[in-house]
Amino acid sequence: MSETISHDSAHDNSSAASHASPDQSPASHRRAADAEMARVLHTTPFRMALDSSGAGIAHWKHDPLHDVVEPMSHHVIMAYNGSTQHMERRSGRSIATGTFRRGVVIIIPEGSSSRWDIPKPVDVVQLYLPQAALKRVADEAVIGTPTDLLERTAHPDPITSRLLLSAASALEGHGALDTLFRHQLIDLLGMRLLAAHTGSRNTFQPAMGGLSPKVLGRAIERLRSDSDADVSLDALASDAGLSRFHFCRAFKESTGLSPHAWLRQHRIEQAMNLLRDTDTSIAMVAAELGYASQTAFAAAFRRLTGDTPSDWRRHVR
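We now turn to the structure provided with this report. (Residues numbered from 1 in each chain as written. Predicted model: local features only at pLDDT ≥ 70, side-chain atom pairs only at ≥ 80, totals over all residues. Heavy atoms only, no water.)

Points about the side chain of Ser 258
Looking at the element boundaries, Ser 258 is found in the loop between α8 (244-255) and α9 (259-277). For Ser 258, the side chain forms a polar contact with the main-chain nitrogen of Ala 261, separated by 3.1 Å. Ser 258 has contacts with Gln 184, Phe 251 and Lys 252, leaving out every residue within four places of it along the chain. (Helix = DSSP H or I, 4+ residues; strand = E, 2+ residues; numbered from the N terminus. Polar contact = N/O pair within 3.5 Å; in protein donor to acceptor, adjacent residues only side chain to side chain. Contact = heavy atoms within 4.5 Å.)

Below, the structure is given as structure tokens:
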């Protein structure tokens, strides 16, 4: 079952069903999404990665909810990961009822407010997306598109749901890698939202070719740097003289990997060299390569190789 919408009989119109209730307060008075979610959910996130704009990813596991979510300064896009359950959402005079299950998404547009009644515990991954980031993606990747997102309640969208649910487990406890991943995900999901959740047909710019050898070499040199060089997507794209969107496409065309995947593979190759050729402890290898903890490093290493660092070291020596 997907979203079902009913209305007050005296105010029955189609736009009320799909658009959030407008907020009349100044944008500066709205809470950041992570702060408002912490307030209304009465807990802390299981996992969270944010940048200075408040954009990012959060994985929440929370109790049943019967409360009003106040206007926020970000769009909030959610993918549900819990047991199937019915819920109700009230936005102004419109009422939306739906079924939370894997494969559906929830969208709370920036500045909207709604009351939620969810009877069972919830496991959900959320994307916090500033309007400025969505507009940038539209300017870089889409021709002549509106950026007003529709309100969605348990709306079928397996593509967005799958991307979001996989995002929480992809965070590796490594600052540079997590930043690159978050930037790529925001741009990818921004494109998906513009394509599927604005209520209009959009035209995307055609793909371009790869990077020139000189530009590609400069990008790889930055990614390989063992110093405190900025390896954010913004820095890489700026070096190449391209937008983030076009840089990612061109880098993957040239290497077969996204910038995040390339850097993740490079870090693991560095780890393999240290584990094979030195007696450096696994904890020191993790610290040297920038992981937040030995546990985070071991999980990342195993995801890419299938072995724990200690097992891999034992096999190759």
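Notes on the layout of surface pockets
The calculated volume of the largest pocket comes to roughly 580 Å³. Along the walls of the largest pocket sit 20 residues, with Gln 184, Leu 185, Leu 188, Lys 252 and Ser 258 positioned nearest its centre. If you list the elements that add at least two residues to the lining of the largest pocket, you get α4 (158-170), α5 (175-196), α8 and α9. Residue contributions to the lining of the largest pocket peak at six residues, all from α5. Of the residues in the lining of the largest pocket, the class split is 10 nonpolar, four polar and six charged. (1 Å grid on protein atoms, 1.4 Å probe; cavity = no way out; pocket = protein on both sides within 12 Å on 5 of 7 lines; lining within 4 Å. Points joined across faces, edges and corners; volume = space filled by probe spheres on them. Nonpolar A, V, L, I, M, F, W, Y, C, P; charged D, E, K, R; others polar.)

Regarding the packing of α9 against helix α11 (residues 294-305)
Between α9 and α11, the least distance of the axes is 10 Å, while the angle of their chain directions is 105°. By the angle class used here, α9 and α11 are roughly perpendicular. Only Phe 297, Ala 300, Phe 301, Leu 304 and Thr 305 of α11 make contact with α9, whose side of the interface consists of Arg 264, Gln 265, Ile 268, Ala 271, Met 272 and Leu 275. Considering only residue class, the contact of α9 with α11 consists of eight nonpolar, two polar and one charged. (Axes fitted to C-alpha atoms, helices over the stretch in contact; angles between N-to-C directions. Parallel < 35°, antiparallel > 145°, perpendicular 65-115°, else oblique.)

Comments concerning the pattern of salt bridges
Close approach of charged atoms lets side chains of opposite charge pair. Applying the stated criterion across every chain, the model contains 16 salt bridges. In this structure, Arg 136 and Glu 140 form a salt bridge, with 3.2 Å as the shortest nitrogen-oxygen distance. Within this pair, Arg 136 and its partner Glu 140 are both found in helix α3 (residues 131-141), separated by four residues, close to a single helical turn. Residue Glu 140 is classed as buried on the basis of its relative accessible area, which comes to 15%. Across the pair Asp 157 and Arg 192 runs a salt bridge, and its minimum N-O distance is 2.9 Å. Residue Asp 157 is found in the loop between β12 (152-156) and α4, and its partner Arg 192 is found in helix α5; the two are separated by 35 residues along the sequence. Judged by relative accessible area, which is 1%, Asp 157 ranks as buried. One salt-bridge network, in which partners are shared between bridges, spans Arg 136, Glu 140, Asp 187, Asp 234 and Arg 244. (Salt bridge = Lys/Arg side-chain N within 4 Å of Asp/Glu carboxyl O. Buried < 20%, exposed > 50% of the residue type's maximum accessible area, 1.4 Å probe, protein only.)

Observations concerning the environment of Ala 35
Examined against the element boundaries, Ala 35 turns out to sit in helix α2 (residues 33-41). As a C-alpha pair, Ala 35 and Gly 54 span 19 residues in sequence and 9.6 Å in three-dimensional space.

A short note on the nonpolar core
With 32 residues, the main nonpolar core has Leu 223, Phe 247, Phe 251, Tyr 291 and Phe 297 as its most contacted residues. Secondary structure elements with two or more residues in this core: α5, α6 (213-224), α7 (233-240), α8, α9, α10 (282-288) and α11. Aside from chain neighbours lying at most four places away, what touches Phe 251 is Leu 211, Leu 216, Ala 219, Ile 220, Leu 223, Gly 256, Leu 257, Ser 258, Pro 259 and Trp 262. Grouped together as the second largest cluster of nonpolar side chains are 29 residues, Ala 55, Ile 57, Ala 141 and Ala 167 included. (Core = buried A, V, L, I, M, F, W, Y, C linked by side-chain atoms within 4.5 Å.)

With respect to empty space enclosed by the protein
One pass over the structure, following the stated rule, counts two cavities of 30 Å³ or more. Counted as a void, the largest cavity has a volume near 120 Å³. Among the secondary structure elements, those contributing two or more residues to the lining of the largest cavity are α2, β4 (65-69), β5 (75-80), β9 (114-118) and β10 (122-129). Partitioning the lining of the largest cavity into residue classes produces 13 nonpolar, two polar and no charged.

What about α6?
The terminal C-alpha atoms of α6 lie 16 Å apart, and with 12 residues this matches the ideal 16 Å at 1.5 Å per residue to within 8%. All buried positions along α6 are accounted for by Val 215, Leu 216, Ala 219, Ile 220 and Leu 223. Down the axis of α6, the smallest arc covering the buried residues is 130°, so these residues share one side. Facing away from the buried surface of α6 by more than 90 degrees, the exposed residues are Pro 213, Lys 214 and Glu 221. Taken together, the buried residues of α6 touch α5, α7, α8 and α9. (Expected span 1.5 Å × (residues − 1). Arc of directions from axis to C-beta.)

Considering the packing of aromatic side chains
Considering all chains together, one arrives at six aromatic pairs under this definition. Chaining the aromatic ring pairs together yields one cluster made of Tyr 291, Phe 297, Phe 301 and Trp 312. Positioned above the aromatic ring of Phe 46 is the side chain of Lys 61, whose terminal nitrogen or guanidinium carbon lies 4.4 Å from the ring centre. (Phe/Tyr/Trp six-rings, centres within 6.5 Å; stacked < 30°, edge-to-face > 60°. Lys NZ or Arg CZ within 6 Å of the ring centre and 35° of its normal.)

Re the pairing of strand β6 (residues 85-91)
Of the two faces of β6, only one is covered, namely that formed by Gln 85, Met 87, Arg 89 and Ser 91; the face formed by His 86, Glu 88 and Arg 90 stays uncovered. As paired strands, β6 and strand β7 (residues 94-100) are joined by seven bridges and run antiparallel to one another. The residue of β7 that forms the bridge with Ser 91 is Ser 94. Judged from the three bridges that link them, β6 and β9 form a sheet pairing that is antiparallel. By the bridge assignment, Arg 90 is partnered in β9 with Arg 115. (Pairing = 2+ DSSP bridges.)

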